[in-house]
Amino acid sequence: KMVFGFLKGKIELQLDKYNYSPGETVTGNLVLKMKKPVSAKKLEIQLFAVRKTSSYTNKGRRTNYRTIFDFKQPLDKKKTYSGEKTYPFKIKIPIDVIGKIPEGTLGRVVKVAAALSGRSSNIKWYLKGNLNISGILNDVNKKVQINVAWKRKVYNPGFIY
């Protein structure tokens, strides 16, 4: 009895790297390995970002999750998938999704104000390959986390300002 997708096959996500800046392109391969032929609606790669916001009140900690970016790119259409096949992909990370905290004194003020208000927020980015088979438990998928952050400026300590 085959109930769960992982018994049908698996997906591997092979990425060139795991650390990105906004505006960069995520490139890699989705490798689909099927144990037996399966009829599926589509194969897609998805890049999404989830913002986790925590706030502290007199009633305790409250955590909220919100998807702030979600992009799905089809890799193949409705057909019978069998054997092993590699699908290359490229997805550009948008520049304007992460709110850029100002540099210098203003940036420190913004961070301190957020800390004093008892609010904290972080964004996690994920790449997910999905073979869409009818019925949610039947899908074959794989999710990996990637790091998306602004690169910090590195100052030359030998340079006199």
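All of the points below concern the structure found in this document.

Definitions and limits used
Residues numbered from 1 in each chain as written. Predicted model: local features only at pLDDT ≥ 70, side-chain atom pairs only at ≥ 80, totals over all residues. Heavy atoms only, no water. Pairing = 2+ DSSP bridges. Helix = DSSP H or I, 4+ residues; strand = E, 2+ residues; numbered from the N terminus. Axes fitted to C-alpha atoms, helices over the stretch in contact; angles between N-to-C directions. Contact = heavy atoms within 4.5 Å. Polar contact = N/O pair within 3.5 Å; in protein donor to acceptor, adjacent residues only side chain to side chain.

**Overview of the sheet that holds strand β3 (residues 25-34)**
Strand pairing in a sheet relies on backbone hydrogen bonds. The paired strands run either parallel or antiparallel. Spatially, β1-β3-β8 is the arrangement adopted by the three strands of the open sheet, whose pairing is antiparallel. Either end of the sheet is taken by a strand with one partner, and the two such strands are β1 (9-15) and β8 (84-92). Neighbouring strand axes in the sheet, compared pairwise and without regard to direction, differ in orientation by 20° on average. Bridge count for β3 against β8 is nine bridges, and the pairing is antiparallel. Looking across to β8, one finds that valine 31 is bridged to threonine 86.

**A word on the environment of asparagine 130**
As for its position among the elements, asparagine 130 is in strand β9 (residues 119-132). Once the C-alpha coordinates of asparagine 130 and leucine 43 are considered, the two residues, 87 residues apart in sequence, prove to be 5.8 Å apart. If we skip the residues at most four places from it in the chain, asparagine 130 touches Ile11, Lys42, Leu43, Glu44, Asp139, Val140 and Asn141. A polar side-chain atom of asparagine 130 sits 3.4 Å from a polar atom in the side chain of aspartate 139.

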